[in-house]
Amino acid sequence: MECSMAETYDILVIGGGPGGYNCAIRAGQLGLKVGCIETRKTLGGTCLNVGCIPSKALLHATEMLETAEKHFDGMGITTGKIGFDLGKMMAAKEKTVSGLTDGIKYLFKKNKVDHIEGFGKIIDAQTVDVDGKTYKTKNIVIATGSEVATLPGIEIDETRIVSSTGALELKEVPKKLLVIGGGVIGLELGSVWRRLGAEVTVVEYLDHIMPGMDGEVQKQALRIFKKQKMKFELGRKVTGIDNSKKSGLKVQTEASAGGSPKDIDADVVLVCIGRRPFTDNLGLDGVGVATDKRGFIETDHYKTSVPGIFAVGDCTVGPMLAHKAEDEGVAAAEIIAGKAGHVNYDVIPGVVYTAPEIASVGKTEEDLKAAGVPYKKGKFPFSANSRARANHATDGFVKILAHAETDEILGVHMIGAHVGDLIAEVCVAMEFRAASEDIARTCHAHPTITEAVRQAAMDVEGWTMQM
Ligand code: FAD
Ligand code: NAI
């Protein structure tokens, strides 16, 4: 084993995704000697390479396509026949991805982060092996992310039975796409292929989609997706897939509680039933880093059970979101540098980038009821917002939940066009522990869809004014 003793780092980060690269860059900014080990050819992790960015590129392109096909006419815009070139669409997505992954390389150089290419294995709290070369460090930050969860007996081949990675690069539009799991990936990538012409059926184990989201949002979203001609088989599970025929798959399903078997034909099956932490061959057992029973690394302020070893992002407990990983990476670097790194877990927004978008932060009504917290509710529909009407985008609503006595905003749930951007306003308000009245009395520009947030806040005290 080759040993490079000259290189003693302050921090070695394992994984170059949002958790890892933000940690490394922040450490560089703070003057620490830092290296970031990444096994993939490009930096950016799941998010940039096979997650957030390519999926949003396809969601944007296909949303524009559907707008042109279905909504231009109603706005008096005439065009020739609208079509698409899947190859070009995929190439545009790849260009966006490579531009951004190269951008991280540039940020590494700018902030003096060493990019170490290869697979990292922890030997002890001060030593990491990268493909046979040994690196010494004072601290290790594990940011190895997650990988797709699989179903027993169903083998992902990334051509006919795909994970999100395969679904981001199908060579042609499947006639019938069956999606296993009505969560975020199923709805986003299901929307992409539906807009391109696939008949999409979502098989979801539970009797509702998007578990954990606000109940009213779940119901309205389901209604809208059904109107868009996405089919749903709720309360049903996939028990097997017959792929013995050269073309066409037979997907065997039954009711979640058992019984009522039903076969569904598909050309492509997308498996998206969640993700699991990825810590394979990392050497965790050898150094004694504790994990929970689902394999997530246990942490306390990003410190693992082994002094000098930290962990952030998808491989730790909590929502598997890029911005959560990012903030944790920054906080870990700051803590190692002797600063007060901090993440406010009460204010981590979640956005589903379908059309309409779905956005949420803080507690749901179901959470508050279960915890016995007294709350007031304000709600405002986009159909009563002048800008939404001018934009022909009136589906959805904003709902604000505030403490019944203190008026502090406890949760906000929205469905509608651009709500993924609108949620930032309430995140800032919640970070400052604002009352709903603070938003209600803040002047919002007219006519904007942001006024729907203000009107929902006004509705908490029953003085909403727009029609
Ligand atoms: P990752 O991004 O998974 O990065 C970990 C990196 O570590 C990987 O590059 C891996 O190659 C590397 N690695 C692992 N082990 C080793 C090792 N031993 N040595 C060297 N390198 C190693 N989140 C959002 O917030 N918004 C979205 O819109 C969104 N869309 C998504 C769409 C899809 C299809 C998917 C799959 C995910 C999406 N996510 C989204 C989730 C988001 O991608 C993750 O939460 C985020 O990437 C987690 O960051 P991370 O740094 O913890 O891990
Ligand atoms: P998910 O957890 O969002 O949804 C999985 C769904 O599959 C759930 O509804 C679950 O009930 C269902 N399910 C589980 N087992 C099943 C079975 N055997 N049969 C049928 N249904 C079953 O997971 P998903 O969609 O795979 O996404 C993984 C992660 O990626 C999520 O945690 C999410 O945070 C992240 N992500 C975030 C995005 C965003 O922020 N916009 C976009 C895409 C992914």
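Within every chain, residues take consecutive numbers counted from 1 along the sequence as written. In the order they appear in the text, chains get letters beginning with A and ligands get numbers beginning with 1. For a predicted model such as this one, the threshold for reporting local features is a pLDDT of at least 70, and the threshold for listing and counting side-chain atom pairs is 80 or more; totals across whole chains, interfaces and linings nevertheless cover every residue. Water and hydrogen atoms were dropped before computing side-chain values, which therefore reflect all heavy atoms in the structure.

Trainee: Mind laying out the confidence of the model for the protein chain, listing which residues take part and the relevant values?
Mentor: Any region with low pLDDT has predicted coordinates that should not be read closely. Mean pLDDT over the protein chain stands at 97; residues scoring 70 or higher make up 98%. Confidence of the prediction at every residue is given by pLDDT, a number between 0 and 100. Contacts are assigned to residue pairs with any non-hydrogen atoms lying within 4.5 Å of each other. Contacts for the low-pLDDT stretch residues 1–5, under 50 throughout, to residues beyond four places or in other chains number 11 contacts.

Trainee: Run through the sheet that holds strand S21 (residues 397–403), naming residues and quoting values.
Mentor: Sheet architecture is open: five strands sit in the order S18-S19-S22-S21-S20, paired in antiparallel fashion. Unpaired on one side and paired on the other, strand S18 (350–352) and strand S20 (375–381) mark the two borders of the sheet. Pairs of neighbouring strands in the sheet enclose a mean axial angle of 10 degrees, with direction left out of account. Note on pairing: two strands pair once DSSP finds at least 2 bridges between them. Numbering of helices and strands runs from the N terminus; a helix is a DSSP stretch of H or I covering at least four residues, while a strand is a stretch of E covering at least two. As judged from the six bridges shared by S21 and strand S22 (residues 409–416), these two strands associate in the antiparallel manner. Axis definition: a line fitted to C-alpha atoms, over the contacting stretch in the case of helices. Angles run 0 to 180 degrees between N-to-C directions.

Trainee: Break down the sheet that holds strand S11 (residues 231–234) for me, citing the residues and quoting the values.
Mentor: Spatially, S8-S15-S9-S10-S11 is the arrangement adopted by the five strands of the open sheet, whose pairing is parallel. The strands lining the two open edges of the sheet, one partner per strand, are strand S8 (161–162) and S11. In the sheet, strand S9 (residues 176–180) pairs with strand S15 (residues 268–271) via four bridges, with the strands oriented parallel. Bridged to valine 179 within S15 is leucine 270.

Trainee: Describe the site of ligand 2, listing the residues and the values that go with them.
Mentor: By convention in these notes, a residue is near a molecule or strand provided one of its non-hydrogen atoms lies within 4 Å of it. Within the structure, ligand 2 sits among 22 residues, and Ile185, Glu188, Glu204, Gly274 and Val351 are positioned closest to it. At 2.9 Å, a side-chain N or O of glutamate 188 approaches a nitrogen atom of ligand 2. Backbone polar atom of tyrosine 205 to a nitrogen atom of ligand 2: 3.1 Å apart, as the coordinates give it. Contact with the protein chains covers 78% of the free accessible surface of ligand 2, which is 850 Å². Of all the elements in the fold, those that place two or more residues in the shell around ligand 2 are helix H6 (184–195) and strand S10 (199–204). Ranked by residues supplied to the shell around ligand 2, first place goes to H6 with three residues. Think of it as three bins: nonpolar holds Ala, Val, Leu, Ile, Met, Phe, Trp, Tyr, Cys and Pro, charged holds Asp, Glu, Lys and Arg, and polar takes everything else, Gly as well. Counted by class, the shell around ligand 2 contains 14 nonpolar, four polar and four charged residues. Domain extents, as shown, originate in an automatic or database domain assignment. Residue-level mapping places the shell around ligand 2 at the junction of two domains, with at least three residues from each of domain 1 (2–147 + 276–336) and domain 2 (161–273). Any pair of nitrogen or oxygen atoms within 3.5 Å is treated as a polar contact; in protein, a donor-acceptor pairing is required on top of that, and neighbouring residues in sequence qualify only through side-chain atoms on both sides. Where accessible areas are quoted, they stem from the Shrake-Rupley method and a 1.4 Å probe; at the residue level, only the protein chains shown are allowed to cover.

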